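Breakdown of the fold
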Amino acid sequence: PRYTISKNKIQLTPDINIEYLLDKLQNKYRNYPHSTIDGLKIELDKDWIHLRKSNTEPIIRLYTESTSEVVASNLAKKIQMDIHEILKG
């Protein structure tokens, strides 16, 4: 099958605890297969989400992949909303 990748960035501020954020996301998606080898990768059936902290910039790199460009984009938006909610609460 043909896959489409969506690449995004989430700006970090000094007060954001990246480990806390990734732990909360891991807990939220605990019922899905996931890996913490290089950030957090969550497998959603045939799609996946990968978040990792940049070593050179104050950002989180957010990659999503799906057979559909729309689904990959929507997965990225969903994770961004999840992150916003975690940081807000």
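It should be noted that the structure appears before, not after, this text.
In this text, all values refer to a predicted model and were calculated from it rather than measured experimentally.

The next subject is the side chain of Asp82. Relative to the helices and strands, Asp82 resides in helix α2 (residues 69-88). Exposure remark for Asp82: the relative accessible area of 6% places this residue in the buried category. Excluding its chain neighbours within four sequence positions, the residues that come into contact with Asp82 are Leu25, Lys28 and Tyr29.

Let's shift gears to α2. The terminal C-alpha atoms of α2, which comprises 20 residues, lie 29 Å apart, in line with the 28 Å expected from a rise of 1.5 Å per residue. When we look at burial in α2, the residues that qualify are Ala72, Leu75, Ala76, Ile79, Asp82, Ile83 and Ile86. Projected down its long axis, α2 shows its buried positions confined to an angular sector of 120 degrees, all on one face. Facing away from the buried side of α2 by over 90 degrees, the exposed positions are Glu69, Val70, Met81 and Lys88. Among the structural elements, β1 (4-11), α1 (18-28), β3 (40-44), β4 (47-53) and β5 (59-66) are those in contact with the buried residues of α2.

If you walk through the whole model with that rule in mind, you get five salt bridges. For Lys28, the salt bridge goes to Asp82, with nearest N and O atoms at 3.9 Å. One end of the pair, Lys28, is in helix α1; the other, Asp82, is in helix α2, and 54 residues separate them in sequence. Between Asp82 and Lys78 there is a salt bridge, with its nearest N and O atoms 2.8 Å apart. On the criterion of helical spacing, the pair formed by Asp82 and Lys78 is a turn pair, its members being four residues apart in helix α2. Residue Lys78 is classed as partly exposed on the basis of its relative accessible area, which comes to 35%. Overlapping salt bridges bring together Lys28, Lys78 and Asp82 as one network.

What counts and what doesn't
- Every chain is numbered independently, its residues counted from 1 as its sequence is written.
- Reporting of local features is limited, given that this is a predicted model, to residues whose pLDDT is at least 70; pairs of side-chain atoms are given and counted only at 80 or more, and all residues count toward the totals for whole chains, interfaces and linings.
- Calculated side-chain values reflect all of the structure's heavy atoms, with hydrogen atoms and water omitted.
- Helix and strand definitions here come from DSSP, where helices need a minimum of 4 consecutive H or I residues and strands a minimum of 2 consecutive E residues; each element is numbered from the N-terminal end.
- Buried, partly exposed and exposed residues are distinguished by accessible area as a fraction of the type maximum, computed with a 1.4 Å probe on protein chains only: under 20%, between the cut-offs, and over 50%, respectively.
- What makes two residues a contact is simply this: any of their non-hydrogen atoms within 4.5 Å.
- In this scheme, a helix's expected span is set at 1.5 Å multiplied by one less than its residue total.
- Within this analysis, the arc is defined by the directions that extend from the helix axis to the C-beta atoms.
- Criterion for a salt bridge: a side-chain nitrogen of Lys or Arg within 4 Å of a carboxyl oxygen of Asp or Glu.

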